[in-house]
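# Fold and contact review
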Amino acid sequence: MINQAKKEELDIHRVTGDSTEAEKTAYQHLQEIEQLALGAEIMFLNMGKLLYDARIGGEWLILHYESYREYIEALKLPMLNSYSWATRLSAIYEYLVKNMKLSNEVLSEIGVAKLTRLLPLARKGELTEAIVEAARVMSDLDLRETLGHNVGG
């Protein structure tokens, strides 16, 4: 998402009324894209809960799939490596929502990509509020560096 200082600058510019039509359109598009991105994050978090429920409740067995993996692959999720993606979404729900009681608001602000980076710490019981807050405000690259991941040149 756009950083807060830049957003305030854009808001002030917009309020003063001296912006061009192109600037107004671009700003409107920026706001719409941010809203859609937030909606997508919430949708993925909700999907994670449903996937968790399906796994824990054995819904894949009830529907006569031979395995949970077969069930996931039959869903035809719109991302590559759908099984891996589905298990990450389910784990986000299990560890960050169910176990740690993080709100959807905080989770959607952090985003699924960064949440997956927090999962190893959450699984080990080492995820702190300070790290969650850092994930909320940091870029993905900065978070990876903070967590000690190799971020390359």
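Residues numbered from 1 in each chain as written. Predicted model: local features only at pLDDT ≥ 70, side-chain atom pairs only at ≥ 80, totals over all residues. Heavy atoms only, no water.

Another aspect to go through is the side chain of Ser82. Position of Ser82 relative to the elements: it lies in helix 5 (residues 82-99). Overall, the relative accessible area of 13% leaves Ser82 in the buried class. (Helix = DSSP H or I, 4+ residues; strand = E, 2+ residues; numbered from the N terminus. Buried < 20%, exposed > 50% of the residue type's maximum accessible area, 1.4 Å probe, protein only.)

Examined against the element boundaries, Lys49 turns out to sit in helix 2 (residues 21-56). By relative accessible area, which is 35% here, Lys49 ends up partly exposed. Separated by 45 residues in the primary sequence, Lys49 and Glu94 have C-alpha atoms spaced 7.8 Å apart.

So, on to the confidence of the model for the chain. When pLDDT is averaged along the chain, the result is 87; 87% of the residues meet or exceed 70. Confidence, expressed as mean pLDDT per element, reaches its minimum in the chain at helix 1 (residues 4-16) with 56 and its maximum at helix 3 (residues 59-62) with 95. (pLDDT = per-residue confidence, 0-100.)

Moving on, we get to the packing of aromatic side chains. Using the criterion set out here, one finds five aromatic pairs in the structure. Ring centres 5.2 Å apart and planes at 50° place the aromatic pair Tyr52 and Tyr93 in the tilted group. Of this pair, Tyr52 sits in helix 2 while Tyr93 sits in helix 5, placing them 41 residues apart in sequence. Look at Tyr68 and Tyr71: their rings are 6.1 Å apart centre to centre, the planes differ by 25°, and that puts the pair in the stacked class. One end of the pair, Tyr68, and the other, Tyr71, are both in helix 4 (residues 68-74), three residues apart, so they sit about a helical turn from each other. Of the two residues examined, Tyr68 and Tyr71, each falls in the buried class. These aromatic residues form a ring-pair network of at least three members: Tyr65, Tyr68, Tyr71 and Tyr83. (Phe/Tyr/Trp six-rings, centres within 6.5 Å; stacked < 30°, edge-to-face > 60°.)

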